Amino acid sequence: MRATGIVRRIDDLGRVVVPKEIRRTLKIREGDSLEIYTDREGEIILKKYSPMLEMGELAKQYVDTLAQNAGGIVAVTDRDHIIAVSTGGKKDLLQKPISKALEKNMSARNNVVAEAESKDYITVTEEKLPFSYEIIYPIIASGDVIGSVILLGRSDDRRFGATEEALVAFSANFFGKQMEQ
């Protein structure tokens, strides 16, 4: 653990303000949940909570199954990182932060079906990756965007159609419903 040099007092309601610099660095937004941990030495640890991480094992199995049926590479994200990737894309994508463009797109609740040359194409991470086609649907649970399902194709893959788009839409809806239970 690293010291920040910032000291804050607890107010009369038991609240502590997390400094803006730390919130910005850790991408903690208004309304985000923080999980609270304690240890035996009396330390309190705040960790950004991602409801999608609870779905981690299911998401890992799901992406491989979807990739077998839809072709291409399938990824599932929370609001900050790619949490599950099908075989063939793990090295390039797994645990990478999502791009600002994808974050903005998810917040706007937009679906994307695009080719790399089109103006609608969104890079999934800040790195330039060799994908030519994409389908992206946000995962919405209880009215909140909590992640996305992404299907990516390379230039040598066949182009995606209505069937693949329906599979991605179904998958995003499935994860949203699972989080509501």
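Definitions and limits used
Residues numbered from 1 in each chain as written. Predicted model: local features only at pLDDT ≥ 70, side-chain atom pairs only at ≥ 80, totals over all residues. Heavy atoms only, no water. Helix = DSSP H or I, 4+ residues; strand = E, 2+ residues; numbered from the N terminus. Buried < 20%, exposed > 50% of the residue type's maximum accessible area, 1.4 Å probe, protein only. Contact = heavy atoms within 4.5 Å. Areas by Shrake-Rupley, 256 points an atom, 1.4 Å probe, with all protein chains shown as cover. Lys, Arg positive; Asp, Glu negative; His and termini not counted. Charge placed at Lys NZ, Arg CZ, Asp CG, Glu CD. Expected span 1.5 Å × (residues − 1). Arc of directions from axis to C-beta. Salt bridge = Lys/Arg side-chain N within 4 Å of Asp/Glu carboxyl O. 1 Å grid on protein atoms, 1.4 Å probe; cavity = no way out; pocket = protein on both sides within 12 Å on 5 of 7 lines; lining within 4 Å. Points joined across faces, edges and corners; volume = space filled by probe spheres on them. Nonpolar A, V, L, I, M, F, W, Y, C, P; charged D, E, K, R; others polar. Pairing = 2+ DSSP bridges.

For the overall build of the chain, give the residues involved together with the corresponding values.
Looking only at helices and strands, one finds five helices and seven strands in the chain. Each helix and strand of the chain, placed in order from N terminus to C terminus, yields the pattern α-β-β-α-β-β-α-α-β-β-β-α. Viewed in the frame of its principal axes, the chain has a C-alpha envelope of about 60 × 35 × 30 Å. For the chain, the residues scored as buried account for 36% of the 181 residues in total. Long-range pairs, those at least 24 residues apart, make up 50% of the contacts in the chain with a sequence separation of at least 6. Counting every atom, the chain has about 11,400 Å² of accessible surface; 51% of that belongs to carbon and sulfur. For the chain, the separation between the mean place of its 26 positive charges and that of its 28 negative charges on side chains is 4 Å.

Mind laying out helix 5 (residues 162–180), listing which residues take part and the relevant values?
For helix 5, with 19 residues, the first-to-last C-alpha span of 27 Å sits near the 27 Å given by 1.5 Å per residue. All buried positions along helix 5 are accounted for by Glu164, Val168, Ser171, Ala172, Phe175, Gly176 and Met179. Burial along helix 5 is one-sided: seen end-on, the buried residues are contained in an arc of 130 degrees. Pointing more than 90 degrees away from the buried face of helix 5 are the exposed residues Ala162, Thr163 and Phe170. Residues of helix 5 that are buried make contact with helix 2 (56–70), strand 3 (73–77), strand 6 (133–141) and strand 7 (144–153).

Describe the pattern of salt bridges, with residues and values.
Across all of its chains, the model carries seven salt bridges by this definition. One salt bridge in this structure joins Lys96 and Glu127, with 3.3 Å as the shortest N-O distance. Taken together, the residues Lys96 in the loop between helix 3 (90–93) and helix 4 (100–107) and Glu127 in the loop between strand 5 (112–115) and strand 6 connect sequence positions 31 residues apart. Glu127 sits in the partly exposed class, given a relative accessible area of 40%. In the salt-bridge network here, residues are joined through shared partners; they are Arg29, Asp80 and Glu103.

Which residues make up empty space enclosed by the protein, and what values do they have?
Space left empty within the atom packing is revealed by a probe, the size of a water molecule, rolled over the atoms. One pass over the full model with this rule turns up one cavity of 30 Å³ or more. In this structure, the largest cavity is lined by Tyr121, Thr123, Val124, Thr125, Glu127, Lys128, Leu129 and Phe131. Here the lining of the largest cavity is built from residues that sort into four nonpolar, two polar and two charged.

Tell me what's going on with the pairing of strand 3, and back it up with residues and numbers.
When you tally the buried positions in strand 3, you get five out of five residues, the bulk of the element. By the alternation rule, side chains of strand 3 split into Ile73, Ala75 and Thr77 and Val74 and Val76, which are all buried. As defined by bridge partners, strand 3 adjoins strand 7 across five bridges and the pair is classed as antiparallel. From the neighbouring strand, Val74 faces strand 7, where its bridge partner is Leu151. By the bridge criterion, three bridges tie strand 3 to strand 4 (residues 82–85) in an arrangement that is antiparallel. Looking at the pairing, Ala75 lines up with Val85 of strand 4. The antiparallel hairpin formed by strand 3 and strand 4 contains four residues in its connecting segment.

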